[in-house]
Amino acid sequence: MPREIVEKIGRILSENPHPSAPGGHPLPEGEGNLKLLSQLLYNRGLTEKNQITEFLEPKYENLHDPFSFRDMQKAVDRIWRAIDQKEKICIYGDYDADAVTANAVLQQTFRHLGVEVESYIPDRFTEGYGINIEALEKIRDAGSTLIITVDCGTNSVDAAEFCSANSIDLIITDHHELIGELPKAYALINPKNPDDNYPYSEITGVGVAFRLACAILSSAKGLGLRAKVVDGWEKWLLDLVAIGTVADCHSLLGENRILVKYGLKVLQKTRWMGLRALIASSDLDFKQKPPDTYTLGFIIAPRLNAAGRLEHANIALDLLLEQNQPAAAEKALQLENINLRRQEQTARIMSEAKEQALMHQDRKIFVLAGEGWNKGVVGLVAGRLAEEFYKPVIVLEKSTDFSTGSARTVGEFDILEAIKFSSEHTVRFGGHKQAAGLTIKTGEIEFFYRKILEFAEKNIGDENQRTLELEAELSPSDLSLDSCLLLSKLEPFGVDNPKPKFLVNQMKIISLKAVGTAQNHTQLNLQKGSVNIPAIIFNSNLLEKNFKVGDTVDVACELMEDGWNGRKGIKLKIVDIKKIEN
């Protein structure tokens, strides 16, 4: 980091309160952890005062004006007209956690206004992703004259034409990339729309739904239903917004950082009976350990996703909308059992798909297909294999006529562009740069694979390989609880703001032992200078790798707060370790 940048960031930070001081005092020049925080901010491209202030102290009032969306006023006016005229409204959402939480955000908003609306979620197995005409026919026949989509619809040109021809106004709220022509909907609210004006493009489906909810509520003036609106009520929706945002693996900088930061606070006192039941059934205790992005992404979201993966996403939505405590507890338990089944099926398909991958390790992209693979979990399998092999992966459930699946990527490789390049062999596809869904005629799989391999050969270099990025080298004085508290200023962690990993070199192993039921983790005590510190490495038995007491090692690690017998300390979570030969 250039000296002038160190000094510049240092001056900015000296105006901010020290995180370890209850009353707060300026971070003094020359303090070791001031330099560490400066380095972490620099690594994230944050060098200007306004950037640093917004990052360290994200403020709810800094959310963008929802009416920055070109069609937002038009959409809100239409929704209030439907409410005032008692029209039937239907929310049409997809079946993943982003879409289900988006659906719940709008449902709870309408419920707050005393308005009953319908929801429609397609069945993953019989209807597939996005808006389908058969579903629209059912919604039309049930009497709806206004449909609001969440997390889908941007590329549904035929759906927009159907609605127009059947006197249904279609308001699309979505965040997916535009693939072809824009649908002629009544209103399109999507930050990825190149014709739109919203200043932040990375909000997710639930984020867009929340912006619509804010706009509806802020326009609620006058008498009748509108008099029920309380200023600031929309903040109670932020726990749902945070879950969907983290689940969809989008950037946690900018507006998403504000939404998730405040959403985690709201989650600790959530108003939603179903969410409370889900927290209890997941054995989470927020008094002992406040929720973080791991809680959202690896505990709550997978349970919400499990319903749509194995059965129907209505189970998850019904839970989030449940107002009766015993019923909520029962539905949460049902979701817990579905999630256990999801884990079993994922493990089986993972094993079978990995066998195929191992036969083609020289290829730069994997297209794996199998009969009987549950299409609800192939996305999970694709993600795990992409991580393990560090290659883009497409996993398909192979049926007689059509094969449906999911794609995941690594690094900067754009999986959606790769599928576009091969689209002559697809029936339909959609998604993001990082993840996509697609359907292929089963007889075309081999032709599709050849075409997408051609794209991969041109766009993935031979040097493409997994890299472990370390943010700074820590000295003995950095190995302290104070440094851990300093890192908490960077939370919430996620995409574009990863939990920092550090280098600590020349550490001596004081003790080590294998732990865990399968003895596949290693617990250590390490020494650096005069500092002794506990550490753990997961899924690696160092004894089997000939590490021993007295060895000198370099470690790549994360800092963890460690509590034992009421005393707080620090622990290293080792992500890689290298023995230094004498």
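The coordinates are above.
Residues numbered from 1 in each chain as written. Predicted model: local features only at pLDDT ≥ 70, side-chain atom pairs only at ≥ 80, totals over all residues. Heavy atoms only, no water.

## Topic: the overall build of the chain
For step 1, the next point in the chain: Scanning the chain from terminus to terminus reveals 18 helices and 16 strands.
For step 2, the next point in the chain: Relative to a compact globule of 582 residues, whose C-alpha radius of gyration would be 25 Å, the chain shows 25 Å and is just as compact.
For step 3, the next point in the chain: Dimensions of the chain, computed from the C-alpha atoms along their principal axes, are close to 80 × 60 × 50 Å.
For step 4, the next point in the chain: Burial statistics for the chain: of 582 residues in total, 53% are counted as buried. (Helix = DSSP H or I, 4+ residues; strand = E, 2+ residues; numbered from the N terminus. Rg over C-alpha atoms; globule rule 2.2 N^0.38 Å. Buried < 20%, exposed > 50% of the residue type's maximum accessible area, 1.4 Å probe, protein only.)

## Regarding the sheet that holds strand β2 (residues 118-120)
For step 1, the next point in the chain: With parallel pairing, five strands are arranged side by side in an open sheet as β2-β1-β3-β4-β5. At either end of the open sheet lies a strand with only one pairing partner, and these are β2 and β5 (187-189). The average undirected angle you get between the axes of adjacent strands in this sheet is 20 degrees.
For step 2, the next point in the chain: Sitting on the sheet, helix α5 (residues 97-112) is in contact with β1 (88-93), β2 and β3 (144-150), with an inclination near 160 degrees to β1. (Pairing = 2+ DSSP bridges. Axes fitted to C-alpha atoms, helices over the stretch in contact; angles between N-to-C directions. Contact = heavy atoms within 4.5 Å.)

## Concerning the sheet that holds strand β9 (residues 426-431)
For step 1, the next point in the chain: One open sheet holds the five strands; their spatial order is β6-β7-β8-β10-β9, and the pairing between them is mixed. Each of the sheet's edge strands pairs with one partner strand only, and the pair in question is β6 (366-370) and β9. Taken pair by pair, the neighbouring strands of this sheet meet at an average axis angle of 15 degrees, ignoring direction.
For step 2, the next point in the chain: For strand β7 (residues 393-398) and strand β8 (residues 402-408), the ladder comprises six bridges, and the chain directions are antiparallel. If you follow Val 395 over to β8, its bridge partner there is Ser 406.

## Notes on the state of the cysteines
For step 1, the next point in the chain: Summed over the entire model, instances satisfying the criterion amount to zero disulfides.
For step 2, the next point in the chain: Cys 163 provides the cysteine sulfur closest to Cys 90, a residue in no disulfide bond, and the two sulfurs are 10 Å apart.
For step 3, the next point in the chain: Take Cys 90: its relative accessible area is 2%, and that puts it in the buried class. (Disulfide = S-S within 2.5 Å.)

## Here's the deal with the nonpolar core
Here is a general trend for soluble globular proteins: nonpolar side chains tend to be buried in one another's company.
For step 1, the next point in the chain: Membership of the largest hydrophobic core comes to 125 residues, with the highest contact counts inside it found for Phe 110 and Phe 210.
For step 2, the next point in the chain: Ignoring sequence-local partners within four residues, the contact set of Phe 110 consists of Ile 79, Ile 83, Ile 89, Ile 91, Val 115, Val 117, Ile 148 and Ile 216.
For step 3, the next point in the chain: Counting 42 residues, the second largest nonpolar core, distinct from the first, contains Leu 34, Leu 474, Ile 509 and Val 553. (Core = buried A, V, L, I, M, F, W, Y, C linked by side-chain atoms within 4.5 Å.)

## Description of the side chain of Glu 336
For step 1, the next point in the chain: If you trace the backbone, Glu 336 turns up in helix α14 (residues 325-358).
For step 2, the next point in the chain: Those residues in contact with Glu 336 that lie beyond four places of it in its chain are Ser 281, Ser 282 and Arg 303.

## Description of helix α1 (residues 3-13)
For step 1, the next point in the chain: Taken as a whole, α1 has its buried residues at Ile 5, Ile 9, Gly 10, Ile 12 and Leu 13. Seen from one end, α1 has its buried residues packed into an arc of 160 degrees, which puts them on one side. In α1, the exposed residues that point more than 90 degrees away from the buried face are Arg 3 and Glu 4. (Arc of directions from axis to C-beta.)

## Digging into the pattern of salt bridges
For step 1, the next point in the chain: Here the structure, examined in full by the defined rule, presents 23 salt bridges.
For step 2, the next point in the chain: With a closest N to O distance of 2.6 Å, Lys 489 and Glu 57 form a salt bridge. Note that Lys 489 is positioned in the loop between α18 (481-487) and β12 (502-515) and Glu 57 in the loop between α3 (49-56) and α4 (72-84), a separation of 432 residues in sequence.
For step 3, the next point in the chain: You can call Lys 489 buried: its relative accessible area is 16%.
For step 4, the next point in the chain: What makes Glu 57 partly exposed here is its relative accessible area of 29%.
For step 5, the next point in the chain: The residue Asp 551 makes a salt bridge to Lys 548 at a minimum N-O spacing of 3.2 Å.
For step 6, the next point in the chain: On the basis of relative accessibility, which here comes to 9%, the residue Asp 551 falls in the buried class.
For step 7, the next point in the chain: Here the salt bridges do not stand alone but share partners, grouping Arg 78, Glu 87 and Asp 169 into one network. (Salt bridge = Lys/Arg side-chain N within 4 Å of Asp/Glu carboxyl O.)

## Some details on the pairing of strand β13 (residues 521-528)
For step 1, the next point in the chain: Where β12 lies against β13, seven bridges are found, and the strand directions are antiparallel. Paired with Ala 514 across the bridge in β13 is Thr 522.
For step 2, the next point in the chain: Counting the residues that bridge the hairpin from β12 to β13 gives five residues, and of these Gly 516 lies at a positive phi of roughly 95 degrees.
For step 3, the next point in the chain: As judged from the seven bridges shared by β13 and strand β14 (residues 531-537), these two strands associate in the antiparallel manner. Within β14, the position partnered with Asn 525 by the bridge is Pro 534.
For step 4, the next point in the chain: Hairpin connection from β13 to β14: two residues lie between these consecutive antiparallel strands, with Gly 529 at a positive phi of about 65 degrees.

## Remarks on a nonpolar patch on the surface
For step 1, the next point in the chain: On the surface, a nonpolar cluster with roughly 210 Å² of combined accessible area is contributed by Leu 468, Leu 470 and Val 575.
For step 2, the next point in the chain: Tracing the chain through its elements places Leu 470 in the loop between α17 (445-459) and β11 (472-473). (Patch = residues over 30% accessible without salt bridge, like charges linked within 9 Å, V, L, I, M, F, W, Y side chains within 5 Å. Areas by Shrake-Rupley, 256 points an atom, 1.4 Å probe, with all protein chains shown as cover.)

## Things to note about the packing of aromatic side chains
For step 1, the next point in the chain: Taken as a whole, this structure holds eight aromatic pairs when the rule is applied.
For step 2, the next point in the chain: Note on Trp 233 and Trp 272: the rings are 6.4 Å apart at their centroids and 75 degrees apart in plane angle, and the pair reads as edge-to-face. A residue pair is termed long-range when its members are at least 10 positions apart, and Trp 233 in the loop between α8 (205-218) and α9 (238-247) and Trp 272 in the loop between α10 (255-267) and α11 (273-281) qualify at 39 residues. Comparing Trp 233 with Trp 272, the two get one shared label, buried.
For step 3, the next point in the chain: Between Phe 421 and Phe 455, the ring centres sit 5.3 Å apart and the planes meet at 45 degrees, which makes this aromatic pair tilted. With a gap of 34 residues between them, Phe 421 in helix α16 (residues 415-421) and Phe 455 in helix α17 connect regions that are remote in the sequence.
For step 4, the next point in the chain: A relative accessible area of 29% places Phe 421 in the partly exposed class.
For step 5, the next point in the chain: Connected via pairs of aromatic rings, a cluster forms that spans Phe 413, Phe 421 and Phe 455.
For step 6, the next point in the chain: Sitting over the ring of Phe 55, Arg 257 keeps its end group 3.7 Å from the ring centre.
For step 7, the next point in the chain: When the ring centre of Tyr 262 is taken as reference, the NZ or CZ atom of Lys 265 above it lies at 5.0 Å. (Phe/Tyr/Trp six-rings, centres within 6.5 Å; stacked < 30°, edge-to-face > 60°. Lys NZ or Arg CZ within 6 Å of the ring centre and 35° of its normal.)

## Remarks on the pairing of β12
For step 1, the next point in the chain: For β11 and β12, the ladder comprises two bridges, and the chain directions are parallel. Bridge assignment links Ala 472 to a residue of β12, and that residue is Phe 502.

## Here's the deal with the environment of Asn 324
For step 1, the next point in the chain: For Asn 324, the position within the fold is in the loop between α13 (314-321) and α14.
For step 2, the next point in the chain: Classification of Asn 324 by relative accessible area gives partly exposed; the value is 39%.
For step 3, the next point in the chain: C-alpha of Asn 324 to C-alpha of Gly 274: the two residues are 50 residues apart in sequence and 8.3 Å apart in space.

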